[in-house]
Amino acid sequence: MIFRLLAVTLAFLPIVATNGDEREVFFERHVRPLLVEKCVGCHGPDKQEGDIRLDSRDQVLIGTDEVAALVNPEQVDESRLLQVMLYSEDDVQMPPKAKLEASHIETVKKWIRDGAYWPETMDFGKAKAIDPDAWRKHWAFQPIADPSPPADAGQSTHPVDAFIGRRLRNQGVNPSPQADGRTLVRRMSVAIIGLPPDAKDLDAAAAISDPQQLTTWLNDYADRLLARPQFGERWARYWLDVSRYADTKGYVFTADREYKDAWRFREWVIKSLNSDMPYDEFLIRQLAGDRLPDNQDPQQLAAMGFLTLGRRFLNKTPDIIDDRIDVVSRGTMGLTVTCARCHDHKFDPIPMADYYGLYGVFDSSHEPQNEPSPLRLVDREKPREPVIFIRGSAGNRGDRVTRHFLTALSKGEPKPFTDGSGRLELARKIASPENPLTGRVAVNRIWLRLFGTGLVDSPSDFGVRTPPPSHPELLDHLATLFISHNWSRKAVVRHILTSQTWRQSSDPRPDVAEADPENRLLARMSRRRLNFEAFRDALLVVSGSLDQTVGGKSVDITKKPFTKRRAVYARIDRQNLPGTFRTFDFASPDSHVAQRFETTVPQQALFQLNNTFVMEQAESIAAQLTQDNISQPAATVGELFTMILQREPTEHEVAAATLFLTATAEMIPKSNSGVGWHYGWGEIQDDKTKVLRYEPLPACHENRWGGSDKLPDGKLGWCSLNREGGHTGRDLRHCPIRRWIADRDSSIRIRSFLKHSTDQGDGVHGHILFQDRSLGTAHVHNSGRELATEEFTVRAGESVDFVADCGANESHDSFTWKITIEQSVNGRQVRTWDSSAEFSSEAATSRLGAVAQLAQTLMLANEFMFVD
């Protein structure tokens, strides 16, 4: 029921997202080497100073009778391991020789914050012995087979249905019936181009009653969608996640943070997908485009942004190369090669010699930073011969190795690369039909995008600990089809979309829910929530605002005036990823991501309810209605349902929505312009009873309103306001003013607490001003004081100002000021305003009208947010 939505939305419970593969890779690449190098020598198997062992999972995570647990993911700052690394003057300082680098401390923080992953069973100090032949039996290292579909395929002759159907029959389960035409049109449009379908296509499918004619029409519809340029935009974002795309380098001291041509890589990916560039060529161009015949074409060289657009790690070459090895090995072959940086891989057949063989390839390449493309790599005049770094330390050099491909994927001993750096040879080894991993990894990810779960659970780890695919023969069937069709991704997508398995209904199946709760048997289609980009794009589509121009530079999609471009063109700031992106599970640009987390958290609902962008789309929809909104509510409801949910409402929905419109219109205050909290600065009278001038603070940066993104600002200095309080300006002409504007005629009572928390400076003065008079004033210096009023009357649109001034000077004048306003009408309390809880990084706007509120409610519905 649509109108239960708001209550359900606000009751969202957080679901913790975990990805063991990503956390294990982070532990093996960053945490374990750090502990081994800096800690285990004194707190390990040979020595336990202070009875502390940092090679002990139990002691680090659980604690012992003698020593409490050293990390606490619930309270990161309370983790004892982190505290001693911070080198506080009044605490133990570890390691004793010197404080860890800031990047190392941040590594520990991130590890603890993400749950402090630690393998349950392992020998911390020594590499686990690997049976040299065990990996040879692992499914992923076997040659790709070309299995024949089972003969007893049932009614469908499609190979995908045959492989899926055999497992279903073995379990005594029947597949679900096909979904209706309208459902499949929406499902197909979102899957292929990431946008809601056109109304004419929904109507055309709904009008076809003959099943065979509908199948033919849907097949043709899939072809039309695959031919649209929006296909490349939708599917490019998946590859941008894999390639850790960003428009900035991350923290690089005072150097230029921008990758000014990063967008050209995105442009290349979109075009290559739309042209259905063979996947083997797609990979080779990204690894070695500078060695191909058209190596002076800047559009083709932009492909090498796959390597060069990674994080810069304070320009530390070993870390930059490690990142490139990771994005190549996990991104193309599903192998965690970088786990062999400090020791032979604990589980997979990847010795350190292989890691440093690849290290030599990238160390023998450099970025010329000139034309024809700043994104390219080129070979050095003389290749660099690599050596093993003992324990991953570049200053501790071991045996020399050759530049070569992975031993496990070579026939016998790998042959040294001899063509320049070896990047082109490496690319061809990866993109070879004889490589058992590349094709399987690629089609598994296509399956993942279309079903929500891959045939292989971990899309970037096909190593020996990864269980077999849910349908091994189907995976090989798809890989064989992929390679035999000239590595065509569109061919694989079309092949899957034409199967009955993909076209099944997503209705719940109580008969198989207990035996197959995760729907791995695929007895039905899984329901899918729109990801962040598809949700934002859908809002623009239904409001009639989407700019469908294909290609172009990156744009900031989080600031007003809001761009109408698709979200794939969003500017990605690696160091300052917007909070909205994190809220909606956007892929971290710091490392390779093949599958995003999927969480449900309250912040998502709050964004949908309160974000200015969402409200603008609701207002745009309301403005387009042809009916007299409130006087003809049934017609208004019909138009809204058609525009947003692309269907007619039921009689019950019309009645409920009509009631909603009527009740909401009555509730909207007479004054509906900019009510609530405002953030400004201005001048107050010398006797501090009257505001002489008020101006809005012009900028909000990192949840702080001020004169600009910088603090102190050139014009307003330290004058600023934040969620908890702020900082005074330099005199009475530059005071921060938190203004509250009444939304209706009412009575209010103010309760507040002003606090200054240092013995330095001369403290802060606070004033509550209303109608050219003071309702209360307080001075605090290294102290706090309550500042309250008796109940008094305000009219709609009148303002109350909460002003802070510096006194003699503004030195050390940060303050907190918690303010609540209890509002009553005719003796009945209607609302409590809270300055902290209701703090906003966006300027106050008018409340939505009744029709716009209904439009917003429909856009919050599961029917809009989910496919099926």
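Whatever comes next refers back to the structure up there.
Residues numbered from 1 in each chain as written. Predicted model: local features only at pLDDT ≥ 70, side-chain atom pairs only at ≥ 80, totals over all residues. Heavy atoms only, no water.

## Focus: the overall build of the chain
To keep things clear, this is the line we draw: Helix and strand labels come from DSSP, where a helix needs a run of H or I of at least four residues and a strand needs a run of E of at least two; each type is numbered from the N terminus. Atoms counted for the radius of gyration: C-alpha only. Globule rule: 2.2 Å times the number of residues to the power 0.38. Each residue is placed in one exposure class: buried if its accessible area under a 1.4 Å probe, protein chains only, is under 20% of its type's maximum, exposed if it is over 50%, and partly exposed if it falls in between. Should any heavy atoms of two residues lie within 4.5 Å, those residues are considered in contact. Surface accessibility in these figures is a Shrake-Rupley result with a 1.4 Å probe; residues are shielded only by whichever protein chains are displayed. Charge assignment: positive for Lys and Arg, negative for Asp and Glu; neither His nor the chain ends contribute. Positions of charges follow a simple convention, taking NZ of Lys, CZ of Arg, CG of Asp or CD of Glu.
Scanning the chain for helices and strands turns up 29 helices and 21 strands. At 31 Å, the chain has a C-alpha radius of gyration in line with the 29 Å of a compact globule built from 868 residues. Judged by the C-alpha coordinates and their principal axes, the chain covers about 90 × 80 × 60 Å. Residues counted as buried form 54% of the 868 residues belonging to the chain. Excluding contacts between residues fewer than 6 apart, the proportion of contacts in the chain whose partners are at least 24 apart in sequence is 66%. Looking at the chain as shown, the accessible area adds up to about 38300 Å², and 49% of this sits on carbon and sulfur atoms. Here the chain holds 107 positive side-chain charges and 119 negative ones, and the gap between their average locations is 3 Å.

## Some points on the pattern of salt bridges
Rule in force here: Salt bridge, as used here, is a side-chain nitrogen of Lys or Arg placed within 4 Å of a carboxyl oxygen of Asp or Glu.
Considering all chains together, one arrives at 55 salt bridges under this definition. Measuring nitrogen to oxygen at the nearest pair gives 3.6 Å for the salt bridge that ties Asp-201 to Arg-224. With a gap of 23 residues between them, Asp-201 in helix α8 (residues 199–206) and Arg-224 in helix α9 (residues 211–226) connect regions that are remote in the sequence. Residue class for Asp-201 comes out buried when judged on its relative accessible area of 7%. Residue class for Arg-224 comes out partly exposed when judged on its relative accessible area of 34%. With a closest N to O distance of 2.9 Å, Asp-319 and Arg-341 form a salt bridge.

## Some thoughts on the packing of aromatic side chains
What counts is decided by this rule: The rule is short: rings of Phe, Tyr and Trp, with Trp giving its six-membered ring, pair when the centres are within 6.5 Å, and they are stacked under 30 degrees, edge-to-face over 60, tilted in between. Remark: a charge is flagged as sitting over a ring if the NZ atom of Lys or the CZ atom of Arg is within 6 Å of the ring centre and within 35 degrees of the ring normal.
On inspection of all chains with the given rule, the structure shows 37 aromatic pairs. Note on Phe-535 and Phe-864: the rings are 6.4 Å apart at their centroids and 75° apart in plane angle, and the pair reads as edge-to-face. One end of the pair, Phe-535, is in helix α22 (residues 532–542); the other, Phe-864, is in helix α29 (residues 862–865), and 329 residues separate them in sequence. Of the two residues examined, Phe-535 and Phe-864, each falls in the buried class. Note on Phe-770 and Phe-792: the rings are 5.1 Å apart at their centroids and 50° apart in plane angle, and the pair reads as tilted. Of this pair, Phe-770 sits in strand β14 (residues 764–770) while Phe-792 sits in strand β17 (residues 792–794), and the two are 22 residues apart along the sequence. On the accessibility criterion, Phe-770 (4% relative accessible area) is buried. Counting every residue linked through ring pairs, the aromatic cluster contains Trp-239, Trp-268, Tyr-279, Phe-282, Phe-306, Phe-482 and Trp-487. The lysine or arginine in question, Arg-187, covers the ring of Trp-502, its NZ or CZ lying 5.6 Å from the ring centre. Over the face of the ring belonging to Phe-347 we find Arg-465, whose NZ or CZ atom lies 3.9 Å from the ring centre.

## Overview of empty space enclosed by the protein
Counted only if it meets this: Each cavity reported here is a set of points on a 1 Å grid over the protein atoms alone in which a 1.4 Å probe fits but cannot get out, each pocket an open set with protein on both sides within 12 Å along at least five of seven lines, and each lining residue one with an atom within 4 Å of a point. Grid points are joined across faces, edges and corners, and a volume is the space filled by probe spheres set on the points. Throughout, the ten residues Ala, Val, Leu, Ile, Met, Phe, Trp, Tyr, Cys and Pro are labelled nonpolar, Asp, Glu, Lys and Arg are labelled charged, and all others, Gly among them, are labelled polar.
Summed over all chains, the structure comprises nine cavities of 30 Å³ or more. Considering the residues around the largest cavity, the lining is formed by 14 residues, among which Trp-235, Trp-239, Arg-445, Ile-446 and Arg-489 are closest to the centre. Going through the elements one at a time, α10 (230–242), α11 (262–274), α12 (279–288), α18 (438–451) and α20 (489–497) are the ones with two or more residues in the lining of the largest cavity. Across the lining of the largest cavity, the residue classes break down as eleven nonpolar, no polar and three charged. For the second largest cavity, the calculated volume is near 150 Å³. Along the wall of the second largest cavity there are 18 residues; nearest its centre are Glu-24, Thr-336, His-345, Asp-461 and Arg-465. For the lining of the second largest cavity, the leading source of residues is helix α2 (residues 20–38), giving four residues.

## Brief notes about helix α7 (residues 181–193)
At 3.6 residues per turn, the α-helix brings residues three or four places apart onto the same side. Short version of the rule: To estimate how far a helix should reach, multiply one less than its number of residues by 1.5 Å. Definition of a polar contact: a pair of N or O atoms within 3.5 Å, with one able to donate and the other able to accept a hydrogen when the atoms are protein atoms, and with sequence-neighbouring residues admitted only if both atoms are side-chain atoms.
Between its first and last C-alpha atoms α7 spans 18 Å; for 13 residues at 1.5 Å apiece the expected length is 18 Å, and the two agree. Within α7, eleven of the 13 residues are buried, which leaves it mostly tucked inside the rest of the structure. Put simply, Asp-180 is the residue that caps the front of α7, since its side-chain oxygen is 3.1 Å from the backbone nitrogen of Arg-182. A positive backbone phi angle near 75° is found at Gly-194, which sits one or two residues after α7.

## Thoughts on the sheet that holds β14
As a general point, the strands of a sheet are linked pairwise by backbone hydrogen bonds and lie either parallel or antiparallel. Put simply, the rule is: The pairing criterion is simple: DSSP has to find at least two bridges between the two strands. Every angle, taken between N-to-C directions, lies between 0 and 180 degrees, and every axis is a line fitted to C-alpha atoms, over only the stretch in contact when it is a helix.
Taken together, the six strands give an open sheet; going across it, the order is β7-β6-β12-β18-β14-β15, and neighbouring strands pair in antiparallel fashion. Whereas interior strands pair on both sides, the edge strands pair on one side only; in this sheet they are β7 (691–696) and β15 (773–780). Averaged over all adjacent pairs, the angle separating strand axes in this sheet is 25°, with direction ignored. When strand β6 (residues 676–684) meets strand β12 (residues 735–741), the two strands line up antiparallel, connected through seven bridges. In the sheet register, Gly-682 faces β12, and the bridge partner there is Cys-735.

## Thoughts on the pairing of strand β20 (residues 828–834)
Sheet analysis places strand β19 (residues 814–825) next to β20, joined by six bridges and oriented antiparallel. Residue Val-825 lies in a different strand from β20, and its bridge partner there is Arg-828. Between β19 and β20, which follow one another and run antiparallel, lie two residues, and Asn-826 among them has a positive phi close to 55°.

## Some points on helix α5 (residues 102–113)
Just so we agree on the cut-off: Directions from the helix axis toward the C-beta atoms define the arc.
For α5, with twelve residues, the first-to-last C-alpha span of 16 Å sits near the 16 Å given by 1.5 Å per residue. Where α5 is concerned, the buried positions are Ile-105, Thr-107, Val-108, Trp-111 and Ile-112. All buried residues of α5 project into a common sector of 150° when viewed along the axis, lining one side. A positive backbone phi angle near 110° is found at Gly-115, which sits one or two residues after α5.

## Some points on unusual backbone geometry
Each neighbour pair has its own omega, and for Met-94 with Pro-95 the value is -5°, a cis peptide bond. Relative to the assigned elements, Pro-95 resides in the loop between α4 (80–85) and α5. For Asn-782, which is not glycine, the phi torsion reads 55° and is therefore positive. Structurally, Asn-782 is set in the loop between β15 and β16 (783–788).

## Quick word on the nonpolar core
Basically, it comes down to this: Residues belong to one nonpolar core when they are buried, are Ala, Val, Leu, Ile, Met, Phe, Trp, Tyr or Cys, and are joined through side-chain atoms within 4.5 Å.
Membership of the largest hydrophobic core comes to 167 residues, with the highest contact counts inside it found for Trp-447 and Leu-450. Residues within four places of Trp-447 in sequence aside, it is in contact with Val-160, Ile-164, Gly-452, Thr-453, Gly-454, Leu-455, Leu-474, Leu-478, Ile-496 and Leu-522. Listed in part, the 31 residues of the second largest apolar core include Tyr-679, Ile-748, Leu-787 and Val-800.

## Side note on the pairing of strand β18 (residues 799–805)
Of all seven residues in β18, six are buried, a share of seventy percent or more. Across five bridges, the pairing between β12 and β18 is antiparallel. When the bridges of β18 are listed, Arg-738 appears paired with Phe-802. Taken together, the five bridges between β14 and β18 define a ladder with antiparallel strand orientation. Bridge pairing links Gly-766 to Ala-804 in β18.

## Description of the packing of helix α24 (residues 602–610) against helix α25 (residues 612–624)
Just so we agree on the cut-off: The scheme is simple: roughly parallel for angles under 35 degrees, roughly antiparallel for over 145, roughly perpendicular for 65 to 115, oblique for anything else.
Between α24 and α25, the shortest axis-to-axis distance is 6 Å and the interhelical angle comes to 45°. The angle between the axes of α24 and α25 places the two elements in the oblique class. Residue-level contacts link Phe-607, Gln-608, Leu-609 and Asn-610 of α24 to Thr-612, Val-614 and Met-615 of α25. Each residue belonging to the contact of α24 with α25 can be placed in one class, and the counts come to four nonpolar, three polar and no charged.

## Description of the environment of Arg-400
Of note, Arg-400 is situated in strand β4 (residues 397–400). Between the alpha carbons of Arg-400 and Ser-421 there is a distance of 16 Å; along the sequence they are 21 residues apart. Separated by 3.3 Å, the side chain of Arg-400 and the backbone oxygen of Glu-385 make a polar contact.

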